[in-house]
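# What the coordinates show
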Amino acid sequence: MAGAGDSNSRAGRVAFTHPGFVLFQIARFLIVAAVEMQAVAVGWQVYDITHRALDLGLVGLAQFLPGILLFLVSGHASDRFERRKVLSACYMGYGLCSGLLLWLAERGVHSVRPIYFVLVLLGVVRSFNGTASRSILPQLVPDEHFNNAVAWNATTFQAATILGPSLGGILYAAFRGPSAVYAFAMMTALGALLSMFRIKTRAQTRRREPMTAKTILAGLHFIWREKLVLGAISLDLFAVLLGGATALLPVYAREILHTGPWGLGLLRTAPGVGAAVMAVALAHRPLRGKAGPTLLWSVAGFGVCTILFGVSRSLVLSLMSLICLGAADMVSVIIRATLVQLRTPDEMRGRVMAVDMVFIGTSNELGQFESGLTAQWFGTVPAVLLGGVGTLAVIGLWAWWFPELRRAGELHNMRSVAEEEAIGD
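Per chain, residues are indexed from 1 in the order of the written sequence. In keeping with the model being predicted, local features are shown solely for residues with a pLDDT of at least 70 and side-chain atom pairs are shown and tallied solely at 80 or more, while totals for entire chains, interfaces and linings include all residues. Processing note: side-chain calculations cover all non-hydrogen atoms of the structure and skip hydrogens and water entirely.

### Topic: the overall build of the protein
Across its full length, the protein carries 18 helices and 0 strands. Think of it in three bands: residues with accessible area under 20% of the maximum for their type are buried, residues over 50% are exposed, and the middle band is partly exposed, with areas taken using a 1.4 Å probe on protein chains only. Each of the 425 residues in the protein was classed as buried or not, and the buried ones make up 58%. Expressed as a percentage of contacts within the protein between residues at least 6 apart in sequence, the contacts between residues at least 24 apart total 88%. Surface exposure here means Shrake-Rupley accessible area, sampled with a 1.4 Å probe, where a residue is shielded only by the protein chains that are shown. With an accessible surface of roughly 17,800 Å², the protein has 66% of that area assigned to carbon and sulfur atoms. Strands here are runs of E lasting at least two residues and helices are runs of H or I lasting at least four, both read from the DSSP assignment and numbered beginning at the N terminus. Contact between two residues is taken to exist if any of their heavy atoms lie within 4.5 Å; hydrogens are not considered.

### Details of the pattern of salt bridges
In what follows, salt bridge is the name for a side-chain nitrogen of Lys or Arg lying within 4 Å of a carboxyl oxygen of Asp or Glu. Tallying each qualifying case throughout the model produces 6 salt bridges. When the shortest N-O distance is used, the salt bridge between Glu36 and Arg268 registers 3.5 Å. A residue pair is termed long-range when its members are at least 10 positions apart, and Glu36 in helix 2 (residues 19-50) and Arg268 in helix 12 (residues 261-284) qualify at 232 residues. With a relative accessible area of 22%, Arg268 lands in the partly exposed category. Among the ionic contacts, a cluster of salt bridges with common partners joins Glu82, Arg84 and Lys85.

### As for the side chain of Thr374
Counting through the fold element by element, Thr374 comes out in helix 15 (residues 349-378). We classify Thr374 as buried; its relative accessible area is 11%. Among residues more than four places away in sequence, those in contact with Thr374 are Gly379 and Ala383.

### Regarding the confidence of the model for the protein
For the protein, the average pLDDT comes to 82, and 87% of its residues sit at 70 or higher. Segment residues 417-425 is flagged for pLDDT under 50; beyond a separation of four residues in sequence, or across chains, it makes 8 contacts in the model. The predictor's confidence in any single residue is recorded as pLDDT, a number from 0 to 100.

### Comments concerning the packing of aromatic side chains
Between rings of Phe, Tyr and Trp, where Trp is taken as its six-membered ring, a pair exists when centres lie within 6.5 Å; planes separated by under 30 degrees are stacked, by over 60 edge-to-face, and by other angles tilted. According to the stated counting rule, one finds 6 aromatic pairs in the structure shown. With 5.3 Å between their ring centres and 75 degrees between their planes, Phe16 and Phe21 make a pair best called edge-to-face. Exposure remark for Phe16: the relative accessible area of 32% places this residue in the partly exposed category. Judged by its relative accessible area of 0%, Phe21 falls in the buried class. Judged by centre distance (6.1 Å) and plane angle (35 degrees), the ring pair of Trp398 and Phe402 falls under tilted.

### Some details on the state of the cysteines
The term disulfide refers to a covalent linkage connecting the sulfur atoms of a pair of cysteines. For this text, the term disulfide refers to a pair of cysteine sulfurs within 2.5 Å. This model, assessed by the stated rule, comprises 0 disulfides. This cysteine, Cys305, is not joined by any disulfide, and Cys324 carries the nearest cysteine sulfur, 5.0 Å off.

### Quick look at the packing of helix 13 (residues 291-311) against helix 14 (residues 315-343)
Direction vectors running N to C along helix 13 and helix 14 enclose 160 degrees, while the axes themselves pass 8 Å from each other. In this view, helix 13 runs roughly antiparallel relative to helix 14, as classed from their interaxial angle. Viewed along their axes, helix 13 and helix 14 form a crossing whose handedness is left-handed. On helix 14, the residues that touch Ala291, Thr294, Leu295, Ser298, Val299, Gly301, Phe302, Cys305, Thr306, Leu308 and Phe309 of helix 13 are Leu317, Ser318, Ser321, Leu322, Cys324, Leu325, Ala328, Asp329, Val331, Ser332 and Ile335. The residue makeup of the contact of helix 13 with helix 14, split by class, is 14 nonpolar, 7 polar and 1 charged. The convention used is that axes are lines fitted to C-alpha atoms, helices contributing only their stretch in contact, and that angles between N-to-C directions extend from 0 to 180 degrees. Note that the term roughly parallel is reserved for angles under 35 degrees, roughly antiparallel for angles over 145, roughly perpendicular for angles of 65 to 115, and oblique for everything else. Two helices crossing with the near one rotated counterclockwise from the far one by less than a right angle form a left-handed crossing, whereas a clockwise rotation gives a right-handed crossing. As a working rule, the residues Ala, Val, Leu, Ile, Met, Phe, Trp, Tyr, Cys and Pro are called nonpolar, Asp, Glu, Lys and Arg charged, and the rest polar, with Gly in that last group.

### Comments concerning the packing of helix 11 (residues 249-256) against helix 12
Each pair of packed helices gets described by two things: the angle between the helix axes and the distance between those axes. It is at 9 Å that the axes of helix 11 and helix 12 come closest, and there the two elements cross at 135 degrees. On the basis of the axis angle, helix 11 is oblique to helix 12. The way helix 11 lies across helix 12 gives a crossing that is right-handed. Residue-level inspection shows Leu249, Pro250 and Ala253 of helix 11 in contact with helix 12, the latter providing Leu264, Leu267 and Arg268. When grouped by side-chain class, the residues that make up the contact of helix 11 with helix 12 number 5 nonpolar, no polar and 1 charged.

### Overview of a nonpolar patch on the surface
A grouping of Leu65, Ile68 and Leu69 is seen on the molecular surface, where their side chains present a nonpolar patch of about 280 Å² in accessible area. Looking at where Leu69 falls in the secondary structure, it is placed in helix 3 (residues 53-80). Residues enter patches when their relative accessible area tops 30% and they take part in no salt bridge; the joining distance is 9 Å for like charges and 5 Å for the nonpolar side chains Val, Leu, Ile, Met, Phe, Trp and Tyr.

### Observations concerning the side chain of Thr188
As for its placement among the helices and strands, Thr188 is situated in helix 7 (residues 179-197). Judged by relative accessible area, Thr188 falls into the buried class, the value being 10%. Look past the residues within four positions of Thr188 in its chain and what remains in contact with it is Leu30, Ala34 and Met37.

### Focus on unusual backbone geometry
One non-glycine residue, Arg176, adopts positive backbone phi at about 55 degrees. Counting through the fold element by element, Arg176 comes out in the loop between helix 6 (146-174) and helix 7. Phi at His258 takes a positive value of approximately 55 degrees, unusual for a residue other than glycine. Among the structural elements, His258 can be located in the loop between helix 11 and helix 12. Residue class for His258 comes out exposed when judged on its relative accessible area of 65%.

As structure tokens, then:
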């Protein structure tokens, strides 16, 4: 019995037997932690300057717009150039943005405009980083270990979202300002860059296609043709767009829960705690059965937890709601990531991941803007409640519009389109 348990434990960590995957997880953990701790400082600093929820929404919009404008170019770059080098350049960009924020803080700037300018630059970096980071994973592990790698990749991300906001809040409070946070984020980005330099990807044959309108738009055409992929990523797009309660956490921390920067750090950490626990559980006990219905129910859980957080006036209840929200979100993240990656040929992954990033990644920032705008119009609590109810409405519509989602079965059977065509031939 003990031997069987040890064998299951090793199988649950099989992705870590590949050195490239380990180094990538170290780099990813560091860079995500840097971005998350920086987000706490930026949010608190902006709200401290203006005391307007709308300005917190503009923080998200400043980072969202570059992703929308550049996603086709960034996706093509990830397919045309070595993804490791693209990521290295992005990590240098992250460090530069942290350095600029540090310089502004040290100068005692009391206007949000220069902060927004740096956030736009950060959005440009995130556009290229997102596509390369999402598409490099299949080059680090063999196909048979990919599901396990996705689960641990998500765990690493969530662990960083746990440490980053907490550390950011503590540093902000301890040093009475954002400068220490930005300095530490800059050093952390440097550590991520050093780890990325050591990665060696698995050799895979990829066609270097010229940059034409047809090749740039290939990712969009692929997703439109694959209705299962379109349904999965568009579902999360609208769920995240409507359920962007985290954008209003500075308002909840100060005005509703009556806590300080340390409390804001805990609130930003809570979804990561739930997501990390769920990701570790799914790494050791992979999802079985119907992936589509599980995806729909997990997003519904996300909406219910958003509503519960919206009505809470207790810090403990708010933290528990966000923990459960993160756990539900992680189930949908793993299902979607596995489905999209396995259904996409490697030579097109960058462009497909670019579209996926717009649908999912940058929708976080657009969701922040939507939450800030509705909070300005209707109030903070009604804005969160409307988002949660809207998420539940989207579930019903998507279950009707995309029957492929309701019928989706085992994740490990989601082979790529290229493989299916090869088998058909």
